[in-house]
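This is what each chain is made of:
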Amino acid sequence: MKDAYLIVASTVCIVLMTVSVAIAQRIDEPLAAYWLQFACSQDANQSASGYCQGAIEASYSVMEGWCVPKDVTPAEVKRIVVDELLSASFSPLEPAAEFIWGVIDSNWPCR
């Protein structure tokens, strides 16, 4: 009987841990370019740098019309985006994804 209770308790724990994943929803407001710019400017902070790189990669991974040549590395794409991001000025609510897509499209336009 103890084994049955242990199995039930383990199952309940697993179900409760996965419920939060199942109900996660998309954020209504997109990441603002202003905040991405701030994260990308924090060179000494590994967490901010990882966030910066991940946000850029996530944005271009859903980009339609990807025409970057195969010999261009993801690191080069991110470096160009970061360089342009750090030199730009933004309104507080300008979406980061649109800026990223614009940089990529202007550097590697589809023909």
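The notes below deal with the structure included here. Here the residue numbers are simple positions, counted from 1 along each chain's written sequence. Thresholds applied to this predicted model are a pLDDT of at least 70 for local features of residues and 80 or more for the giving and counting of side-chain atom pairs; totals over whole chains, interfaces and linings are not thresholded and use all residues. Each side-chain value is worked out from all heavy atoms of the structure, with water and hydrogens disregarded.

## So, the overall build of the protein chain
Thought 1: Helix numbering and strand numbering both begin at the N terminus, where a helix is a DSSP run of H or I of at least 4 residues and a strand a DSSP run of E of at least 2. Within the protein chain, the secondary structure is distributed over five helices and zero strands.
Thought 2: Burial classes follow relative accessibility: with a 1.4 Å probe on protein chains only, a residue under 20% of its type's maximum area counts as buried, one over 50% as exposed, and anything between as partly exposed. Scored against the burial criterion, the 111 residues of the protein chain give a buried share of 26%.
Thought 3: The contacts in the protein chain between residues at least 6 apart in sequence include a share of 65% that link residues at least 24 apart.
Thought 4: Note that accessible areas follow from Shrake-Rupley with a 1.4 Å probe, and for residues the cover is restricted to the protein chains shown. About 8,200 Å² of surface is accessible on the protein chain, with carbon and sulfur atoms providing 60% of the total. Whether two residues are in contact is decided by their heavy atoms, any of which lying within 4.5 Å being enough.

## Points about the state of the cysteines
Thought 1: Pairs of cysteine sulfur atoms within 2.5 Å are identified as disulfides in what follows. This structure, assessed with the given rule, holds two disulfides.
Thought 2: Across a sulfur-sulfur distance of 1.9 Å, cysteine 40 and cysteine 52 are joined as a disulfide pair. On the sign convention where negative is left-handed, the bridge of cysteine 40 and cysteine 52, at about 95° about the S-S bond, is right-handed. Placement of the pair is cysteine 40 in helix 2 (residues 33–40) and cysteine 52 in helix 3 (residues 46–61), with a sequence separation of twelve residues.
Thought 3: Given the relative accessible area of 5%, cysteine 40 is considered buried.
Thought 4: Classification of cysteine 52 as buried rests on a relative accessible area of 2%.
Thought 5: Between the sulfur atoms of cysteine 67 and its disulfide partner cysteine 110 the distance amounts to 1.7 Å. Looking down the S-S bond of the cysteine 67 and cysteine 110 bridge, the torsion is 100°, so its handedness is right-handed. On the criterion of sequence distance, the pair formed by cysteine 67 in the loop between helix 3 and helix 4 (74–87) and cysteine 110 in the segment after helix 5 (96–107) is long-range, its members being 43 residues apart.
Thought 6: What makes cysteine 67 partly exposed here is its relative accessible area of 30%.
Thought 7: Exposure remark for cysteine 110: the relative accessible area of 35% places this residue in the partly exposed category.

## Describing a nonpolar patch on the surface
Thought 1: On the surface, a cluster of nonpolar side chains totalling about 370 Å² of accessible area is made up of Tyr34, Trp35 and Phe38.
Thought 2: Considering the arrangement of structural elements, one finds tyrosine 34 in helix 2.
Thought 3: Here tyrosine 34 falls in the partly exposed class, since its relative accessible area comes to 40%. Only residues whose relative accessible area exceeds 30% and that form no salt bridge are eligible for patches; like-charged ones are grouped when within 9 Å, while nonpolar side chains (Val, Leu, Ile, Met, Phe, Trp, Tyr) are grouped when within 5 Å. We define a salt bridge as a side-chain nitrogen of Lys or Arg found within 4 Å of a carboxyl oxygen belonging to Asp or Glu.

## Here we look at the pattern of salt bridges
Thought 1: In the structure shown here, the tally under the stated rule is two salt bridges.
Thought 2: Here lysine 78 ties to glutamate 57 by a salt bridge, and the two come within 2.8 Å at their closest N and O atoms. With lysine 78 in helix 4 and glutamate 57 in helix 3, this pair connects stretches of sequence that are 21 residues apart.
Thought 3: Across the pair aspartate 83 and arginine 79 runs a salt bridge whose closest N-O atoms are separated by 3.5 Å. On the criterion of helical spacing, the pair formed by aspartate 83 and arginine 79 is a turn pair, its members being four residues apart in helix 4.

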